[in-house]
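Chain by chain, the residues:
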Amino acid sequence: MRRPLTRVALAVSLNLRTYLRLQATSTSKVCINLPNINTFLSWDVTKLKQLLPDSGAELGNVNELDAELVRRLRDLVGVSNGTLDTRSMAILAFLYIYLSVFAGSGELPSLTVSVWSELPTGAGLGSSAAYSVCLAAALLSASGTIPSLLSDQESTARWGEVEMELINRWAFQGERIIHGNPSGVDNAVGTWGGILRYHSGKITPLNRVPMLRILLTNTKVPRSTKVLVAGVKDKMNKFPSIINPVLESVNAVSCTCEQTLSEMTNDTPTPEHYNILEELIDINQHHLNVMGVGHPALDTLCRVTLARGLHSKLTGAGGGGCGITLLRPETECSVIQNTIQDLRDCGYDCWETSVGAEGVQQHSPLAFKEEALEVLARY
Ligand SMILES: Nc1ncnc2c1ncn2[C@@H]1O[C@H](COP(=O)(O)OP(=O)(O)O)[C@@H](O)[C@H]1O
Ligand SMILES: C[C@@](O)(CCOP(=O)(O)O)CC(=O)O
Ligand SMILES: [Mg+2]
């Protein structure tokens, strides 16, 4: 069952992409190359076939995680339940989607899948969702469940609504393997891109999205989404009368933010709009600290940027990893450069980017970013 978020959340895409290359082979092997996490593995197709139930049609339910298949895969990979190991989670998610998508066809194809991402892994920017979305789109397309879109004329194309919904659902199963109990908001934003409103499992894209410039900072403090989300749940169970009002307040922040963003696209954005967004960022960062997902490195990020008049908050499940800093249109270039330098002096990675980007797409090799093509061409 999908865990519904009963409060409103706004999720925003970033222009950092994950690239997947799928090659059909005749090696009778399934190979996966994951250079970001230094993982390169292969299995005999015959060995993987043994994991399928007698009737392949029993698999392939996109709405439920098949606990028995997950158990068999854990045995194959040699991990215990509740593992937090980066490689094991990535492999389990891949094999789970591969077997489920191809089970119905009765034939498991030999193929090589290589994935490389510009997103830092495990840093609160939704790399797990981007990875799962790419796996779902590529494997569904290779199995013929969704069409392969590219023609000679087109180097980049997007699937239609029905196919996107299917990609999103399979990506959600990947997220469930990696996160434990995800809401589905990250895979939705990876699939559709832009800015999404998420409420009780219902996803509504914001029609128009203002151009917002941000600094993106990676404190490089390692953290685990699975552990952080479980920690918030524990706090909710332990202190419902204390934490529930905080979540209500977070909900109100999302609603006020949505209203402000909509005003910014209907009229010309004013300094007052930016003042409101800055206050919402500060309030939300305090909420997240109350929920126990802050970190001293994130406090430093907020303090250092505030000294330059800029407002920051953590991203994703928090606990370390990344934060964003809102830049105002009138923020001077020298202020931005000095802030970036201050943050680099703290040992953090920091760069300027903007919010809102396309969701999942199919590319011909020509339309791949050069760096991605170069990395993936090695496998
Ligand atoms: N480029 C990638 N290659 C392989 N696995 C990845 C990649 N990006 C993400 N993952 C998987 O996602 C996990 C990180 O997910 P998570 O803890 O939710 O952090 P986040 O989604 O914030 O980056 C990694 O441990 C790995 O299993
Ligand atoms: C905290 C959460 O909203 C997003 C987690 O994102 P990330 O894996 O920390 O990038 C969890 C969820 O919605 O399932
Ligand atoms: Mg994640």
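None of these values were measured; they are calculated from a predicted model. (Residues numbered from 1 in each chain as written. Chains lettered and ligands numbered in written order. Predicted model: local features only at pLDDT ≥ 70, side-chain atom pairs only at ≥ 80, totals over all residues. Heavy atoms only, no water.)

*Asks:* So, the coordination of the magnesium ion (ligand 3): which residues are in play, and what are the values?
*Replies:* For the magnesium ion (ligand 3), the full set of protein donor atoms is Ser128 (OG) and His179 (NE2), at a range of 2.1 to 2.4 Å. In this pair, serine 128 is assigned in helix α4 (residues 127-142) and histidine 179 in helix α5 (residues 161-179), connecting sequence segments 51 residues apart. In terms of burial, serine 128 and histidine 179 fall into one category: buried. (Donors = N, O, S within 2.8 Å, 3.2 Å for Na, K, Ca; no water. Helix = DSSP H or I, 4+ residues; strand = E, 2+ residues; numbered from the N terminus. Buried < 20%, exposed > 50% of the residue type's maximum accessible area, 1.4 Å probe, protein only.)

*Asks:* Before we move on, could you go through the pairing of strand β1 (residues 9-12) and cite the residues and values that matter?
*Replies:* Side chains Ala9 and Ala11 of β1 all project onto a buried face; the interleaved residues Leu10 and Val12 project onto a face where none is buried. One ladder, built from four bridges, connects β1 with strand β7 (residues 195-199); its direction is antiparallel. Bridge assignment links alanine 11 to a residue of β7, and that residue is leucine 196. (Pairing = 2+ DSSP bridges.)

*Asks:* Describe the site of ligand 2, naming the residues involved and giving the relevant values.
*Replies:* In the neighbourhood of ligand 2, 13 residues make up the surrounding shell, with Gly126, Ser183, Asp186, Arg223 and Ala317 lying closest. Here the residues of the shell around ligand 2 are counted per class, giving four nonpolar, six polar and three charged. Two domains each provide a minimum of three residues to the shell around ligand 2, namely domain 1 (8-202 + 359-378) and domain 2 (210-355). (Near = heavy atom within 4 Å. Nonpolar A, V, L, I, M, F, W, Y, C, P; charged D, E, K, R; others polar. Domains from an automatic or database assignment.)

*Asks:* Quick one: what's the story with the pairing of strand β3 (residues 29-34), residue by residue and with numbers?
*Replies:* Most of β3 sits out of view: five of its six residues are buried. Counted along the chain from β3 to the antiparallel partner strand β4 (residues 39-44), the turn is four residues long, and its residue asparagine 38 has a positive phi close to 50°. Sheet topology places β3 next to strand β5 (residues 111-117); four bridges connect them, and they run parallel. By the bridge assignment for β5, isoleucine 32 is matched with valine 113.

*Asks:* Help me get a handle on the domain arrangement of the protein, residues and values and all.
*Replies:* You can read the domains of the protein as domain 1 (8-202 + 359-378) and domain 2 (210-355). Residue-level contacts link 24 residues of domain 1 with 23 residues of domain 2. Across the interface of domain 1 and domain 2, roughly 1,700 Å² is buried in total on both sides, 63% from carbon and sulfur atoms. Its largest share of buried area at the contact with domain 2, domain 1 owes to Val8, Leu10 and His179, together 26% of the area lost on that side. Taken together, the connections running from domain 1 to domain 2 amount to one salt bridge. When the shortest N-O distance is used, the salt bridge between glutamate 258 and arginine 197 registers 2.8 Å. Joining domain 1 to domain 2, the criterion identifies seven residue pairs in polar contact (both at pLDDT 80 or more). Elements supplying a minimum of two residues to the side of domain 1 that touches domain 2: β1, α5 and β7. The residue makeup of the side of domain 1 that touches domain 2, split by class, is 14 nonpolar, nine polar and one charged. (Contact = heavy atoms within 4.5 Å. Buried area = accessible area lost by both parts, 1.4 Å probe. Salt bridge = Lys/Arg side-chain N within 4 Å of Asp/Glu carboxyl O. Polar contact = N/O pair within 3.5 Å; in protein donor to acceptor, adjacent residues only side chain to side chain.)

*Asks:* Lay out the sheet that holds β1 with the relevant residues and their values.
*Replies:* Spatial strand order, β1-β7-β8: three strands in an open sheet with antiparallel pairing. At either margin of the open sheet sits one strand with a lone partner, and together these are β1 and β8 (202-205). Ignoring strand direction, the axes of neighbouring strands in this sheet form an average angle of 25°. Examined bridge by bridge, β7 and β8 share four bridges and lie antiparallel to one another. (Axes fitted to C-alpha atoms, helices over the stretch in contact; angles between N-to-C directions.)

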